[in-house]
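# Structural features, examined
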Amino acid sequence: GGTVAYAAPFAGFGSLVILDHGGGAFTMYGHLAQPKVERGTRVGRGGIIGTVGVAPAGAAALYFEVRIDGR
């Protein structure tokens with residue numbers, strides 16, 4: 001689980017949600033069709049943050065990234 005640090009459009013990622021898991025750990029979810037959370041919302045493990053959208057090439061896609069201590 002984590003707290004929504006960002007939930008809005010972001011260049012290159014379409015609609016992007018960033019979860020802050022604490023301890024310098026973040027996860028990013030991009031190319032969402034529709035974020036289902038707002039900044040400051042607490043999301044439990046397995047919670048729904050949005051629906052899959054499309055990549056710039058037009059195919060269904062979800063961008064996922066884990067960052068720990070900025071890497």
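Provided above is the structure to which this section pertains.
Remember, predicted model here, so these are calculated numbers, not experimental data.

## Topic: the environment of Phe26
Inspection of the secondary structure assignment puts Phe26 in strand E3 (residues 25–35). Taking the C-alpha atoms as reference, Phe26 lies 9.8 Å from Arg71; in sequence the two are 45 residues apart. Not counting chain neighbours up to four residues away, the residues in contact with Phe26 comprise Ile18, Leu19, Asp20, His21, Glu65, Val66 and Arg67.

## Section: the pairing of strand E1 (residues 2–10)
Across two bridges, the pairing between E1 and strand E4 (residues 42–43) is antiparallel. For Thr3, the partnering residue across the bridge sits in E4 and is Arg42. Pairing geometry for E1 and strand E2 (residues 14–22), over seven bridges, is antiparallel. Paired with Thr3 across the two strands is Asp20, which belongs to E2. In this structure, the hairpin formed by E1 and E2 is closed by a connection of three residues, where Gly12 is found at a positive phi of approximately 85°.

## Brief notes about the nonpolar core
Side chains of nonpolar character tend, in soluble globular proteins, to be buried together. Among the nonpolar cores identified, the biggest contains eight residues, and these are Val4, Val17, Leu19, Tyr29, Leu32, Val37, Val43 and Ile49. Secondary structure elements with two or more residues in this core: E2 and E3. If near-sequence neighbours (up to four positions away) are discounted, Val4 is found in contact with Val17, Ile18, Leu19, Val37, Glu38, Arg39, Gly40, Thr41 and Val43.

## Concerning the pairing of strand E5 (residues 50–54)
Sheet analysis places E3 next to E5, joined by three bridges and oriented antiparallel. Residue pairing in the sheet places Leu32 in a bridge with Val52 of E5. Taken together, the two bridges between E5 and strand E6 (residues 60–61) define a ladder with antiparallel strand orientation. Its bridge partner being in E6, Gly53 is matched across the sheet by Ala61. The turn linking E5 back onto E6 is made up of five residues, and Gly58 within it adopts a positive phi angle of 105°.

## Points about the pattern of salt bridges
On inspection of all chains with the given rule, the structure shows one salt bridge. For Arg67, the salt bridge goes to Glu65, with nearest N and O atoms at 2.4 Å. Glu65 gets classed as buried once you look at its relative accessible area, which sits at 17%.

Rules and cut-offs
- Residues numbered from 1 in each chain as written.
- Predicted model: local features only at pLDDT ≥ 70, side-chain atom pairs only at ≥ 80, totals over all residues.
- Heavy atoms only, no water.
- Helix = DSSP H or I, 4+ residues; strand = E, 2+ residues; numbered from the N terminus.
- Contact = heavy atoms within 4.5 Å.
- Pairing = 2+ DSSP bridges.
- Core = buried A, V, L, I, M, F, W, Y, C linked by side-chain atoms within 4.5 Å.
- Buried < 20%, exposed > 50% of the residue type's maximum accessible area, 1.4 Å probe, protein only.
- Salt bridge = Lys/Arg side-chain N within 4 Å of Asp/Glu carboxyl O.

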